[in-house]
Amino acid sequence: MTWADRKELFAWLPKYRVGAELGVKDGESAQLLFDLAEPSMFYLIDYWSLPKPHLPHMQPELRRREKRYQHTMKRFAKPIASHGIPVIRETRVQATDELHDGWFD
Ligand SMILES: C[S@@+](CC[C@H](N)C(=O)[O-])C[C@H]1O[C@@H](n2cnc3c(N)ncnc32)[C@H](O)[C@@H]1O
């Protein structure tokens, strides 16, 4: 099966399941997935940081990533409040280590 774009794919996904976006960035694609698949539980997972955040030349990029995190928090403010969407600000490995196998649909 093929899909023309992610919008078509997200609309095809079964609704009301437990899902996540790994690597949220500014939340644009997560928003589309949340709106189209209507998950019963939806995790936003991104470290919104860099592997070596202490390095001085990385500071501008770190500020950009912090802004993306803040933007995502604003974008999802309502669903976070109403659905209790978990926002996990960790690396994918750390985040998925904390979640049980079989947790996601
Ligand atoms: C290219 S963006 C993807 C955005 C969105 N998923 C999309 O498809 O438009 C990649 C995101 O993954 C995050 N990321 C990269 N490596 C990661 C890791 N190991 N753990 C958590 N987040 C990570 C980055 O912080 C960045 O926000």
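Anything mentioned here points back to the structure above.
Our subject in this report is the structure included herewith. Along each chain, numbering runs from 1 in the same order as the chain's sequence is written. Only residues with pLDDT of 70 or above have their local features reported here, since the model is predicted, and side-chain atom pairs are shown and tallied only from 80 upward, although totals for entire chains, interfaces and linings are computed over all residues.

1. Points about the site of the ligand
For each residue, a C-beta position is placed from the backbone atoms; the residue is near a molecule or strand when that point lies within 6 Å of it. Inspection of the region around the ligand gives E21, G23, V24, K25, E28, S29, D46, Y47, W48, T91 and R92 as its neighbouring residues. Of the residues that constitute the shell around the ligand, the class distribution is three nonpolar, three polar and five charged. For this scheme, ten residues count as nonpolar: Ala, Val, Leu, Ile, Met, Phe, Trp, Tyr, Cys and Pro. Four count as charged, namely Asp, Glu, Lys and Arg, and the remainder, Gly too, count as polar.

2. So, the pairing of strand β1 (residues 18–22)
Note on pairing: DSSP must find at least two bridges between two strands before they are called paired. Each helix corresponds to a stretch of at least 4 residues labelled H or I by DSSP, and each strand to a stretch of at least 2 residues labelled E; elements are numbered beginning at the N terminus. Taken together, the five bridges between β1 and strand β2 (residues 41–45) define a ladder with parallel strand orientation. Looking at β2, one finds that E21 is bridged to L44. Note that the unit made of β1, helix α2 (residues 28–37) and β2 has a crossover that is right-handed. A right-handed crossover is one whose linking path, passing over the helix from the first strand to the second, runs clockwise when the strands point away from the viewer.

3. Section: the environment of E8
Tracing the backbone shows E8 in helix α1 (residues 6–12). Expressed as a C-alpha distance, the spacing of E8 and L36, which sit 28 residues apart in the sequence, is 9.1 Å.

4. Focus on the environment of W12
Looking at where W12 falls in the secondary structure, it is placed in helix α1. In the structure, W12 is positioned 24 residues away from L36 in sequence and 8.5 Å away in space, judged by C-alpha atoms.

5. Focus on the environment of W48
On the secondary structure map, W48 appears in the loop between β2 and α3 (59–75). Counting other C-beta atoms within 10 Å of each residue's C-beta, where C-beta atoms are placed from the backbone, gives the exposure class: buried for 20 or more, exposed for 12 or fewer, partly exposed between. On the basis of neighbour count, W48 is assigned to the buried category, with 22 C-beta atoms found within 10 Å. Distance from W48 to Q70, taken between C-alpha atoms, is 9.7 Å for residues 22 residues apart in sequence. We call two residues in contact whenever the C-beta atoms placed from their backbones are within 7 Å. With residues up to four places along the chain from it excluded, the contact list for W48 reads R65, E66, R68, Y69 and R89.

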